[in-house]
Amino acid sequence: EFLFLTGVPIQLYEQGEIDATFVDGGSLERILDPQSQLNAELHIYPELSIFYTGFNVTKPPFGDPLVRRAFAMALDVDRLVADVRGGYEQKADGLLPPGIPGYTRGSPVIRYDPQEARRLLARSVYGGPQGLPPIVYTTSGQGGVSDTTAAIVNMWRQNLGGGETIRQIPSRQYYDQLNDEVDNLYGQGWIADYPDPENILDVLFHTGATNNVGSYSNPAIDVLLESARTEQDVTRRLALYRRANEMLLEDAAAIPIWYDRTYMLVKPYVTGYNITPQGLPTLEQVRLER
């Protein structure tokens, strides 16, 4: 039995009105506390997902790879995930999440280095922060800016000396409108529809792909992705995707930030409840043991 719009889920769960519920960020810290009575009922499921900051290469200054690298190196992803996000997600070490064939732990990423970031910006065609055009970061939301978005933009301001601004699109319309309204930078989350690297690297970064919001294009990477589509040897195919992942990171096609997790509360008498890597419940094996 599913209940719709009957109250706050976490409260309904605590009152015994429902047997399972997703846990949102507002309740997660309390429930993760080992002293919480609900802690033993918390289940954590990894997702085949990636959250990243994308560059719109059709708008200055991000057609210049030196500027993209500078912005990537000016973002302290470790602090962002551990402190601002509370460690609830796993820091991304590439564009392919764990569980996707081709994932490599510790993929070579552009490391946090503000000094080098400033040097790269000075070497770019813009000659430093004073030469940059106005830069707008597109994100979801309405009203107050999230702590995560504020932290990302403040790191760029502090480390690069720019004056980036934020523009929000209401959350419910964000992914419908992003392609048409994207500014210079944007926040993007993606969950793989099926466990294959094609559904991340190809659909997000191949030239002309529908979900390639920032219009990134690299002919050498396109060749790898196109070859991998039809390669029958699994070892060779995954090697092509690993190389494409490395090249995308080297070229700063995007800044990978975290892999998400699904947090669920499930009553002890519910057995067989599971969440797919896409974040969807599977109910075929569910039983009530009361």
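Right above here is the structure, for reference.
Numbers given for residues are sequential positions, taken from 1 along each chain in its written order. In keeping with the model being predicted, local features are shown solely for residues with a pLDDT of at least 70 and side-chain atom pairs are shown and tallied solely at 80 or more, while totals for entire chains, interfaces and linings include all residues. Side-chain metrics in this entry use all non-hydrogen atoms of the structure; hydrogen atoms and water are not considered.

**Q** Please explain the overall build of the protein chain as it appears in this structure.
**A** Note on conventions: DSSP H or I runs of at least 4 residues are helices, E runs of at least 2 residues are strands, and numbering of each starts at the N terminus. Of regular secondary structure, the protein chain possesses 10 helices and 13 strands. Radius of gyration: C-alpha atoms only; globule rule: 2.2 Å multiplied by the number of residues to the exponent 0.38. Here the C-alpha radius of gyration of the protein chain, 21 Å, is about what a compact globule of 290 residues would show, namely 19 Å. Based on the C-alpha atoms only, the size of the protein chain along its principal axes is roughly 70 × 50 × 35 Å. Contacts are assigned to residue pairs that have any heavy atoms within 4.5 Å of one another. Sequence-distant contacts, at least 24 apart, represent 70% of the contacts inside the protein chain between residues at least 6 apart. About 14500 Å² of surface is accessible on the protein chain, with carbon and sulfur atoms providing 49% of the total. Distance from the positive charge centre (24 side chains) to the negative charge centre (37 side chains) of the protein chain: 5 Å. Computed with a 1.4 Å probe, the accessible areas rest on the Shrake-Rupley method; for each residue, only the protein chains presented here act as cover. Neither His nor the chain ends is counted toward charge; the positive residues are Lys and Arg and the negative residues Asp and Glu. Charge coordinates come from a single atom per side chain, which is NZ of Lys, CZ of Arg, CG of Asp or CD of Glu.

**Q** Looking at this structure, how should I read the environment of Arg-69?
**A** Summarising the element assignment, Arg-69 is placed in helix α3 (residues 65-73). Residues Arg-69 and Ile-110, spaced 41 residues apart in sequence, show a C-alpha to C-alpha distance of 7.4 Å. When residues no more than four places from it in sequence are discounted, the contact partners of Arg-69 are Ile-110, Leu-120, Glu-250 and Ala-252.

**Q** How do you make sense of the packing of aromatic side chains when you look at a structure like this?
**A** Given two aromatic rings, one states the distance between the centres and the angle between the planes to describe the pair. Paired rings are identified among Phe, Tyr and Trp, the last through its six-membered ring, by centres lying within 6.5 Å, and are further divided according to the angle between planes into stacked (under 30 degrees), edge-to-face (over 60) and tilted (the rest). Evaluation of the coordinates by the stated rule reveals nine aromatic pairs. Here the aromatic rings of Tyr-103 and Tyr-259 are separated by 6.4 Å at their centres, their planes lie at 80°, and the arrangement is edge-to-face. Taken together, the residues Tyr-103 in the loop between β4 (90-91) and α5 (114-123) and Tyr-259 in strand β8 (residues 254-259) connect sequence positions 156 residues apart. Judged by its relative accessible area of 19%, Tyr-103 is buried. Its relative accessible area of 2% is what places Tyr-259 among the buried residues. Relative accessibility under 20% of the residue-type maximum defines a buried residue, over 50% an exposed one, and the middle range a partly exposed one, all with a 1.4 Å probe and only protein chains included.

**Q** Where do I start with the side chain of Asp-196 in this structure?
**A** Checked against the element boundaries, Asp-196 lands in the loop between β7 (185-191) and α8 (198-205). Whenever two N or O atoms come within 3.5 Å, that pair is a polar contact, provided that in protein one can donate a hydrogen and the other can accept it, and provided that, for residues adjacent in sequence, both atoms are side-chain atoms. Separated by 2.9 Å, the side chain of Asp-196 and the backbone nitrogen of Glu-198 make a polar contact. At 2.9 Å, the side chain of Asp-196 forms a polar contact with the side chain of Arg-237.

**Q** It is not clear to me how the sheet that holds strand β2 (residues 42-46) should be interpreted in this structure. Could you clarify?
**A** Strand pairing within a sheet occurs via backbone hydrogen bonds; the two strands may be parallel or antiparallel. Strands pair, by our definition, only if DSSP identifies at least two bridges between them. The sheet built from three strands is open, its strands ordered β1-β9-β2 with antiparallel pairing. The open sheet is flanked by β1 (20-22) and β2, the only strands paired with a single partner. Strand-to-strand twist of the sheet, defined as the mean angle between neighbouring strand axes without regard to direction, takes the value 25°. Relative to strand β9 (residues 261-266), β1 runs antiparallel, the two sharing three bridges. Note that in β9 the partner of Ala-20 across the bridge is Val-266. Geometry is summarised by axes, namely lines fitted to C-alpha atoms with helices restricted to the contacting stretch, and by angles between N-to-C directions that run from 0 to 180 degrees.

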